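Architecture at a glance
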Amino acid sequence: MAGMAGRGPETVGDAGLSASAAHAPGPVRVAARVTGTVQGVGFRPYAYRLARSLGLAGFVRNDADAVAIEIEGDPGAVEEMLARLAAEAPAPARVESVVSGPVAARGEDRFRIRGSRPVGGPSAPVPADVATCDACLAELRDPADRRYRYPFVNCTACGPRFTIVRSLPYDRANTTMSGFGMCDACRAEYEDPADRRFHAEPNACPACGPRARLLDRDGTGLRPDDRLDAVAAAAALLRAGAIVAIKGVGGWHLACRADDGEAVAELRRRKRRDTKPFALLVADVDAARALVEADAGTARALAGPERPIVLAPRRPEAAVAAAVAPGCGDLGVMLPHSPLHHLLIADAGGALVMTSGNVASEPIAHEDDDALARLGPIADALLAHDRPIRAPAEDPVVRVTGAAPPLMIRRSRGYVPAPVPLAPPAARPLLGVGAELKSCCSLAAGERAWPGPQAGDLDGLASRRRFEAGIAHLERLCRIEPEIVAHDLHPDYASTRWALERGDLEPVAVQHHHAHLAACLAEHGHAGPAVAAIFDGAGLGTDGTVWGGEILVGDARSFTRAGAILGVPLPGGDAAAREPWRMACSWLAAASGESVPARPAPLAASVTDAGWEAIARLAAAAATPRTTSAGRLFDAVAALAGFAPRVGHEGQAAMELEAAARDDERDAYPIAVETGGAGGPGLVIDPRAAILAVGADVDSGLDPGAVAARFHNGLAAATSAAIAAAAEAAGVGTAVLSGGAFQNRLLLERTGDRLRASGLRVLVPQRLPPNDGGIAYGQVAVAAAGLS
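Here's what I pulled together on the structure shown here. (Residues numbered from 1 in each chain as written. Predicted model: local features only at pLDDT ≥ 70, side-chain atom pairs only at ≥ 80, totals over all residues. Heavy atoms only, no water.)

A word on the overall build of the protein chain
Each helix and strand in the protein chain was counted, giving 23 helices and 29 strands. Here the C-alpha radius of gyration of the protein chain, 27 Å, is about what a compact globule of 788 residues would show, namely 28 Å. With respect to the principal axes defined by its C-alpha atoms, the protein chain has extents near 90 × 65 × 55 Å. Going through the 788 residues of the protein chain one by one, you find that 58% of them count as buried. If you take every contact in the protein chain between residues at least 6 apart in sequence, the share linking residues at least 24 apart comes to 71%. As displayed, the protein chain offers around 28700 Å² of accessible surface, 51% of which is attributable to carbon and sulfur atoms. Put simply, the protein chain has 80 plus and 92 minus side-chain charges, and the middle of one group is 3 Å from the middle of the other. (Helix = DSSP H or I, 4+ residues; strand = E, 2+ residues; numbered from the N terminus. Rg over C-alpha atoms; globule rule 2.2 N^0.38 Å. Buried < 20%, exposed > 50% of the residue type's maximum accessible area, 1.4 Å probe, protein only. Contact = heavy atoms within 4.5 Å. Areas by Shrake-Rupley, 256 points an atom, 1.4 Å probe, with all protein chains shown as cover. Lys, Arg positive; Asp, Glu negative; His and termini not counted. Charge placed at Lys NZ, Arg CZ, Asp CG, Glu CD.)

This is the structure in structure tokens:
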């Protein structure tokens, strides 16, 4: 499939011409059906121009969830068009297949674009939002063009799509552009099949389209300098050190200069975001390379039509304030995805912090009144516009690793609502509602699933309302009325409670780590079985305990727990995730056998004697829950090594530990893989000796970077050994690495390298995140398998 894991589009029917037909003396006619992301991306005008250039007659039209084409004329020209159809498709298109075959000639003399046929049944005719194309950028920058510096320039090859659609069919009247009537010039473009704006639904210009406005905190119009337009005026404020809220394609951002330490610190204070890294906006790939190590893969990811935030190793000399990404080895960098952002970054003259427009864990603001209420107290000014956002979608995030393509961290704007293949297919319409963190829903029908945008954590009323509204909107757009809802096994997750309260749907409970396994297998089209290491923070196990470091053997239908990290007490439950020193105490007690182990020196300044003793006694209490969590193991080692005894965001301790790890350290801490006892997992990954070694090395003054590297090396070796042993016992040749812990580049690459060296095929999530953002897709994969 074009754009998918290096595969080209499937062509069925030998281009539609038999050997005899290809040499026929008269014209031939071929019908072709093109599937994939081919609607709303300029594919019909492209096919029209291609057919006209080859002297062919016939038609092209949108037909259900595909593009239908019939071409008639010289056999050689017909053959050429079919050969070029996918190869030369416009950049936003993703051609999955071209199925063609001969039909009776009609004697037509010209090629036409026909109206769309009514669509029924499951479908996803709405394409994802696409970053500004080169042709539109040229207009944006040309003083002689009527769209010079127009922040909403677009065409069929680029612009907003998913985020502006209210209902189907995808026509202007059903988008948030319905309130903007086209001027004569725009209407002429829209109706001209030879124009690149033919049926570009958001088509507009300064005379008839949306407009940007600069507002102060109370919503009053603001123009510091009448010689500047709103975007230029906002950029001037940013250059002066202000914080500006900016309305984008899928929601609002908060921005400030990236090299202004005072502005960044003030943004953190007002946004109540103490440590979580901020993303950066830069003008182009060269500007990104001044901040991060950007190889060819990173450059491709940055410049792709989705314009994700790309996590890449920061350069030591990067001109950004330390508070942008404290304790992180990577910076998250993105290129402009809209004309407004292109203008802003060019006018600002340097890298900008560009972070989600919200406070703490609230959902991103997308409605203007809400943005004014929530962001007004944070920002010094607001750069607004009057094109409404129907479907909020945050910036997507990817991370470049040794594998290709990049690892998806957050799937959102630019990627949704593109479908993902589903195998086995769903015999009944399905809905997956995900977990508690990184909330994401997924619909499924037949051989495809439609994951929605990742919407954040379900820890507040506003987030839960956004979650419910997102499900309803996706159901309307995909024309799917689910009959079954798949949910997590944990009864206290907000998503589980919502699923069980929706009485019109048949509920199916799916174990958390099984969903991770099934998601990876399904997106790769692998029926299984496979051996999987699913390492994350927490998920309710089938035995009622907290899992998180699992070795599973299975497929989408079923699994067995072949192994796990040694279980230890989780003192304080969720509080242990916020205070990693608690897990350091728990693991030290397990490793040393002492009821109250000695408090390590790195924790002396952050934990009192009384606090340490209290947590040690809590860990020893019979009622304290136990966990096999890989995330909590990372927390423990990070705290022991002097990193993050307390954290301000999920994964902080593990991120700091990874960032500190030395590349040149090859020693590894001893982590045993042993046979488990009766009633437990068959294999146990036992890091107790490693915990003691970490403590000893820290006490001896070993560089914390070496400590971090030795832990990563030891865990990668033990994990690969456990997978290899389970694979040999089960007679399986495929391994899966998933769960949030495998967002860690070192753990992923070093474990994967060892497994490949042992002869195993290694599958890693690519189109869906390995974190809980992929859970909903895994849930529908499990539910679909249960129906087959």
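Moving on, there is more to tell.
Points about the packing of helix 18 (residues 630-640) against helix 21 (residues 704-730)
Interaxial distance between helix 18 and helix 21 falls to 11 Å at its minimum, and their mutual angle equals 155°. Comparing their axes, helix 21 and helix 18 come out roughly antiparallel. Pair helix 18 / helix 21 crosses with right-handed handedness. Within the contact between the two elements, helix 18 uses Leu633, Phe634 and Val637 and helix 21 uses Phe711, His712 and Leu715. (Axes fitted to C-alpha atoms, helices over the stretch in contact; angles between N-to-C directions. Parallel < 35°, antiparallel > 145°, perpendicular 65-115°, else oblique. Left-handed = near helix turned anticlockwise from the far one by under 90°.)

What about unusual backbone geometry?
A cis amide bond links alanine 423 with the next residue in sequence, proline 424, at an omega value of 0°. Residue placement: proline 424 occurs in strand 17 (residues 420-432). Residue proline 529 is reached from glycine 528 by a cis peptide bond, and omega for that bond is 0°. Along the chain, proline 529 falls in the loop between helix 14 (512-523) and strand 21 (530-540). We note that alanine 644 has phi near 45°; this positive angle belongs to a residue other than glycine. Counting through the fold element by element, alanine 644 comes out in the loop between helix 18 and helix 19 (652-660).

Re the sheet that holds strand 20 (residues 506-510)
One open sheet holds the 4 strands; their spatial order is 18-17-19-20, and the pairing between them is mixed. The strands lining the two open edges of the sheet, one partner per strand, are strand 18 (442-451) and strand 20. Along the sheet, successive strands turn relative to each other by an average axial angle of 60°, direction set aside. Taken together, the 6 bridges between strand 17 and strand 18 define a ladder with antiparallel strand orientation. Counted as the bridge partner of leucine 430 is alanine 444 from strand 18. Against the sheet, helix 14 touches strand 17, strand 19 (484-488) and strand 20, its axis set at about 130° to strand 17. (Pairing = 2+ DSSP bridges.)

Digging into the side chain of histidine 526
Inspection of the secondary structure assignment puts histidine 526 in the loop between helix 14 and strand 21. Histidine 526 has contacts with Leu521, Thr734, Arg761 and Leu763, leaving out every residue within four places of it along the chain.

Some thoughts on the environment of alanine 784
Relative to the helices and strands, alanine 784 is located in helix 23 (residues 775-787). Here alanine 784 falls in the buried class, since its relative accessible area comes to 0%. Spatially, the C-alpha atoms of alanine 784 and proline 316 are 48 Å apart, while their sequence positions differ by 468 residues. Not counting chain neighbours up to four residues away, the residues in contact with alanine 784 comprise Leu422, Pro424, Pro425, Ala426 and Leu430.

Thoughts on helix 22 (residues 745-757)
When the terminal C-alpha atoms of helix 22 are compared, their 18 Å separation across 13 residues agrees well with the 18 Å that a helix rising 1.5 Å per residue should span. Along helix 22, the positions that sit buried rather than exposed are Arg745, Leu746, Leu747, Leu748, Thr751, Gly752 and Leu755. The backbone nitrogen of leucine 746 lies 3.0 Å from a side-chain oxygen of the residue at the head of helix 22, namely asparagine 744. Glycine 759 sits one or two positions beyond helix 22 and adopts a positive phi of about 100°. (Expected span 1.5 Å × (residues − 1). Polar contact = N/O pair within 3.5 Å; in protein donor to acceptor, adjacent residues only side chain to side chain.)

A few points about the pattern of salt bridges
Across all of its chains, the model carries 50 salt bridges by this definition. In this structure, the salt-bridge partner of arginine 315 is glutamate 293, at a minimum N-O distance of 3.5 Å. With a gap of 22 residues between them, arginine 315 in the loop between strand 11 (309-313) and strand 12 (330-334) and glutamate 293 in the loop between helix 8 (285-289) and helix 9 (296-303) connect regions that are remote in the sequence. A salt bridge links aspartate 753 to arginine 756; the nearest nitrogen and oxygen atoms lie 3.6 Å apart. Here aspartate 753 pairs with arginine 756, and both are found in helix 22, just 3 residues apart, close to one helical turn. Salt bridges sharing partners connect three or more residues here, namely Arg29, Glu70, Glu72, Arg106, Glu108 and Arg114. (Salt bridge = Lys/Arg side-chain N within 4 Å of Asp/Glu carboxyl O.)

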